[in-house]
There are 2 protein chains.
Amino acid sequence: MNTKKEIIRILEQNSEYVSGEKISEFLHITRTAVWKNINALRNSGYSIESVTNRGYKLIARPDKITPEEIALGLKTKLLAKRIDCYDRIDSTNEEAKRKALAGAPDGSLFVAEEQTGGKGRLGRSWTSPAGQGLWFTVLLRSSLLPSQAANITLLAGLAVCRAIQRNTGCAAMIKWPNDIVIESKKVCGILTEMAAEMDRIEYMAVGIGVNVNNENFPEELSVKATSLRLESGSFIRRVPLLQEILFELETVLKDFPLHTESLLREYKSRCVSLNRRVGFIRENRKMVGVAEDISPSGELIVRCDDGTKFPISSGEVTVQGIYGE
Amino acid sequence: MNTKKEIIRILEQNSEYVSGEKISEFLHITRTAVWKNINALRNSGYSIESVTNRGYKLIARPDKITPEEIALGLKTKLLAKRIDCYDRIDSTNEEAKRKALAGAPDGSLFVAEEQTGGKGRLGRSWTSPAGQGLWFTVLLRSSLLPSQAANITLLAGLAVCRAIQRNTGCAAMIKWPNDIVIESKKVCGILTEMAAEMDRIEYMAVGIGVNVNNENFPEELSVKATSLRLESGSFIRRVPLLQEILFELETVLKDFPLHTESLLREYKSRCVSLNRRVGFIRENRKMVGVAEDISPSGELIVRCDDGTKFPISSGEVTVQGIYGE
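Treat the numbers as computed from the prediction; the structure is a model and nothing was measured.

Visitor: Tell me about the overall build of chain A, and please be specific about residues and values.
Guide: From N to C terminus, chain A includes 10 helices and 14 strands. Computed over its C-alpha atoms, the radius of gyration of chain A comes to 22 Å, within 12% of the 20 Å expected for a compact globule of 325 residues. With the principal axes as the frame, chain A shows a C-alpha extent of 75 × 45 × 30 Å. Split into buried and exposed, the 325 residues of chain A put 52% on the buried side. Counting contacts in chain A only where the partners sit at least 6 residues apart, residues at least 24 apart contribute 60% of the total.

What follows is the structure in structure tokens.
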């Protein structure tokens, strides 16, 4: 314990790299012990860079997500007025839905350091290791119609894109409807669920999972998944990114439906699915075509090789060149 | 206690009317005590008819709703495999949603003798006094698309209509989308809620409230509400009616989408909204027209006086001659 504290103190006092040798001499411990302690510190959230022949450098203190950290400097007016943080939870969407049933207000935010049962679209799982990403859900209780929900789904993707680009410089793009991709790999998934009557949305749970500082992925995912750290080459602080996403989400929601056209234009400019060959299932048949446009109600318009056009509202669309397809 | 039991024993042993005088003599109690006990028995669910100059006759034992009663003789294959009964609950839809989140299976049935926070469409309240009606919710976990949910809503109305007609002889009709009316008064409301991703329904909670044996309504409701007992003139046993509704619901769901056309035809033949003047709100303007048709996706097609036609998917439609409009 004390050793870790001492290492942090040493690194904090040096703006430059400190060699492992120096640390080991100073603290009277072995080089292996230094290395082990550095790793332990990293695991508890310290960002420490190591460069061969130069040593270690403290980049950032723990990127711990707490209501206080999130609230400090948050630029939103409506979102995240209520913040629930969890070290570990089954799924922030499930929690949001439970809390929604119990009356949680519009804009409530549910964030977890780790999800044990993270969910993707269509009942798939979403890997959410502790401390490495942003796993959160925003609860929206709007007066929107169910028919507008698809648009909200697209807009959430656009908001995340903007925030990632501003915070990391990465060129974040969208695979329709709302996967966020960088260089054809997925860096963020969004699962929008809603509770509705036939003509009234009671609430929407917009679940957003961003791979932030993951340094590697299980083999079966590595073809199609990446993280902001892997793409930008730098450790990314999660709380400022979360704040930025919330701000952009509030902005696009405020702009909708007033500025639907310009939002749709921006969405299209970020959409990697357009003008590419795509595959989709229709009436149990696998079909192929070129994605030509996004309709005002959020559908992907695909022109098949025989000239017929289909508006697609389901998200099961593969895109040539994306996720190794 | 004993007096009530004795009265029941006397009435059960007589297939004909027994006079209050005979009962009072036999039990050595006053005529008023007989009358009081008869009323208490009625309140606890015994159906006892009284006819001037003839006396009392036991029509039915308590119409208590229990899982055993419901399961006995139930003709469904899928619905009500799981049955949760409550003496009193906030709302069977809310309970169904909570249980759905916790994993309740397809077809689960939630029934309450009394709802303390019964809900109608668009957040309205629904009066659900103890023992007088059927207040229940069926949980459906189907593989339907959200776009088909409106059809399910209509079909639920159709199923209730069929069951009421078969069990009571009352000509049950539908005010679009799924209010059940008899002689232009509402006898049943249906609140369909769903939890969905953008392209997948996770579950639907079909909440059905039938005014069965209510003998009167609060003044503000009496213009537009009625009960099966008031309309048929007889006490209606609730469990057989519930079983019939479940059976018809399963039947229409099984027939959809295979026999959509014939279902739609039957729906239209029962729909009181058609060929009448209706009022609705469009873009904050009150509009009036004639309801001409129901579209295959469940919308009400209204032709306004200037000849323009509107497909209406919201349920806020008043119908001339219905509910005192």
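Visitor: Can you break down the pattern of salt bridges residue by residue, with the values?
Guide: Two side chains with opposite charge may pair up if their charged atoms get near one another. Residue and element names in this part refer to chain A. This structure, assessed with the given rule, holds 62 salt bridges over all chains. Residue Glu113 pairs with Arg238 through a salt bridge whose shortest N-O separation is 3.0 Å. Of this pair, Glu113 sits in strand β4 (residues 109-115) while Arg238 sits in helix α9 (residues 238-255), placing them 125 residues apart in sequence. The residues Glu113 and Arg238 share a single accessibility class, namely buried. Across the pair Glu292 and Arg303 runs a salt bridge, and its minimum N-O distance is 2.7 Å. Linking Glu292 in strand β11 (residues 285-294) with Arg303 in strand β12 (residues 300-304), this pair joins segments that are 11 residues apart in sequence. Residues joined in a network through salt bridges with shared partners are Lys75, Arg162, Arg166, Glu244, Glu248, Glu266 and Arg270.

Visitor: Mind laying out helix α1 (residues 2-13) of chain A, listing which residues take part and the relevant values?
Guide: All names here are of chain A. Compared with an ideal rise of 1.5 Å per residue, which puts 12 residues at 16 Å, α1 spans 17 Å between its outermost C-alpha atoms and is within 8% of the ideal. Three or more residues of α1 are buried, namely Ile7, Ile8, Ile10 and Leu11. Take α1 and look down its axis: the buried residues cluster within an arc of 160°, on one side only. In α1, those exposed residues whose orientation departs by more than 90 degrees from the buried face are Asn2, Lys5 and Gln13. Buried residues along α1 sit in contact with α2 (20-27), α3 (31-43), β1 (47-51) and β2 (55-60).

Visitor: Break down the pairing of strand β5 (residues 133-140) of chain B for me, citing the residues and quoting the values.
Guide: Residue and element names in this part refer to chain B. Buried residues dominate β5, accounting for eight of its eight residues. Side-chain alternation along β5 places Gly133, Trp135, Thr137 and Leu139 on one buried face and Leu134, Phe136, Val138 and Leu140 on a second face that is also buried. As paired strands, β5 and strand β9 (residues 200-211) are joined by eight bridges and run antiparallel to one another. Across the sheet, the residue bridging to Phe136 is Ile208, located in β9.

Visitor: So what's going on with the interface of chain A and chain B? Residues and values would help.
Guide: How big an interface is tends to be expressed through the accessible area that disappears when the partners come together. Tallying the contact residues gives 26 residues for chain A and 26 residues for chain B. Between chain A and chain B, a total of about 2000 Å² is buried, with carbon and sulfur atoms accounting for 56% of that surface. Counting the surface chain A buries against chain B, the share from its top three residues, A:Leu101, A:Glu197 and A:Met198, is 32%. Along the contact surface separating chain A from chain B lie four salt bridges. A salt bridge links A:Glu202 to B:Lys97; the shortest N-O distance between them is 3.1 Å. Connecting chain A to chain B are six residue pairs in polar contact (both at pLDDT 80 or more). For the side of chain A that touches chain B, the elements supplying multiple residues, two or more each, are α5 (92-101), α6 (149-168), β8 (185-197) and β9 (200-211) of chain A. Here the side of chain A that touches chain B gets seven residues from one element, more than from any other, and that element is β8(A).

Visitor: I'd like to hear about the environment of B:Gln13, residue by residue, with values.
Guide: Within the element layout of this structure, B:Gln13 appears in helix α1 (residues 2-13). Residues B:Gln13 and B:Leu58, 45 residues apart in the sequence, show an inter-C-alpha distance of 9.6 Å.

Visitor: I'd like to hear about the packing of aromatic side chains, residue by residue, with values.
Guide: Per the counting criterion, the structure on display carries two aromatic pairs over all chains. In this structure, A:Lys75 packs its charged tip against the face of A:Phe247, placed 4.4 Å from the ring centre.

Visitor: How would you sum up the nonpolar core? Please name residues and give values.
Guide: One recurring pattern in soluble globular proteins is that nonpolar side chains are buried together. By size, the foremost hydrophobic cluster in this structure holds 143 residues, and its most contacted members are A:Ile164 and B:Ile164. Leaving out residues up to four positions away in the same chain, A:Ile164 has contacts with A:Gly169, A:Cys170, A:Ala172, A:Ile180, A:Ile182, A:Val187, A:Val210, A:Leu228 and A:Leu241.

Visitor: Give me the relation of the copies chain A and chain B: which residues, what numbers.
Guide: Between the two copies, chain A and chain B, the superposition gives an RMSD of 0.4 Å; the rotation angle is 179° and the shift along the axis is 0.0 Å. The operation mapping one copy onto its partner corresponds to a two-fold rotation axis. No C-alpha of chain A lies nearer the rotation axis than that of A:Ala195, which sits 2.1 Å from it. Mapped onto chain B, 100% of the interface residues of chain A again fall at the interface, so both copies present the same surface.

Visitor: Hey, could you go over the UniProt feature "domain: BPL/LPL catalytic" (unreviewed entry) in chain A for me, with residue numbers and the actual values?
Guide: In this structure's numbering, the residues bearing the UniProt feature "domain: BPL/LPL catalytic" (unreviewed entry) are residues 68-257 of chain A. Summarising residues 68-257 of chain A: 32% helix, 28% strand, and an end-to-end C-alpha distance of 32 Å.

Visitor: Give me the domain arrangement of chain A: which residues, what numbers.
Guide: Domain annotation for chain A reports domain 1 (2-60), domain 2 (67-270) and domain 3 (277-319). For domain 1 of chain A and domain 2 of chain A, the distance between their C-alpha centroids amounts to 34 Å.

Visitor: So what about the packing of α1(A) against α2(A)? Which residues, and what values?
Guide: All names here are of chain A. As a packed pair, α1 and α2 sit with axes 11 Å apart at the nearest point and diverge in direction by 125°. With respect to α2, the element α1 is oriented oblique. As for the relative orientation of α1 and α2, their crossing is right-handed in sense. Of the residues in α2, those in contact with Thr3, Glu6, Ile7, Arg9, Ile10 and Leu11 of α1 are Ile23, Phe26 and Leu27. Across the contact of α1 with α2, the residue classes tally to six nonpolar, one polar and two charged.

Visitor: Report on the side chain of B:Glu95, specifying residues and quantitative values.
Guide: All names here are of chain B. Counting through the fold element by element, Glu95 comes out in helix α5 (residues 92-101). At 2.8 Å, the side chain of Glu95 and the side chain of Lys99 are in polar contact. For Glu95, the residues in contact, after removing those within four places along its chain, are Tyr86, Ile89 and Phe110.

Visitor: Report on the sheet that holds strand β10 (residues 277-282) of chain A, specifying residues and quantitative values.
Guide: Adjacent strands of a sheet form backbone hydrogen bonds with each other and so pair up, either parallel or antiparallel. Residues and elements named next belong to chain A. Reading across the sheet, the five strands line up as β13-β12-β11-β10-β14 and stay open at both edges, with antiparallel pairing between neighbours. Each of the sheet's edge strands pairs with one partner strand only, and the pair in question is β13 (309-312) and β14 (317-319). Across this sheet, the average inter-strand angle for adjacent strands is 40°, counted without regard to direction.

Basis of the calculations
- Residues numbered from 1 in each chain as written.
- Chains lettered and ligands numbered in written order.
- Predicted model: local features only at pLDDT ≥ 70, side-chain atom pairs only at ≥ 80, totals over all residues.
- Heavy atoms only, no water.
- Helix = DSSP H or I, 4+ residues; strand = E, 2+ residues; numbered from the N terminus.
- Rg over C-alpha atoms; globule rule 2.2 N^0.38 Å.
- Buried < 20%, exposed > 50% of the residue type's maximum accessible area, 1.4 Å probe, protein only.
- Contact = heavy atoms within 4.5 Å.
- Salt bridge = Lys/Arg side-chain N within 4 Å of Asp/Glu carboxyl O.
- Expected span 1.5 Å × (residues − 1).
- Arc of directions from axis to C-beta.
- Pairing = 2+ DSSP bridges.
- Buried area = accessible area lost by both parts, 1.4 Å probe.
- Polar contact = N/O pair within 3.5 Å; in protein donor to acceptor, adjacent residues only side chain to side chain.
- Phe/Tyr/Trp six-rings, centres within 6.5 Å; stacked < 30°, edge-to-face > 60°.
- Lys NZ or Arg CZ within 6 Å of the ring centre and 35° of its normal.
- Core = buried A, V, L, I, M, F, W, Y, C linked by side-chain atoms within 4.5 Å.
- Least-squares fit on C-alpha atoms with pLDDT ≥ 70 in both.
- UniProt positions renumbered as here; feature names shortened; annotations may be inferred.
- Domains from an automatic or database assignment.
- Axes fitted to C-alpha atoms, helices over the stretch in contact; angles between N-to-C directions.
- Parallel < 35°, antiparallel > 145°, perpendicular 65-115°, else oblique.
- Left-handed = near helix turned anticlockwise from the far one by under 90°.
- Nonpolar A, V, L, I, M, F, W, Y, C, P; charged D, E, K, R; others polar.

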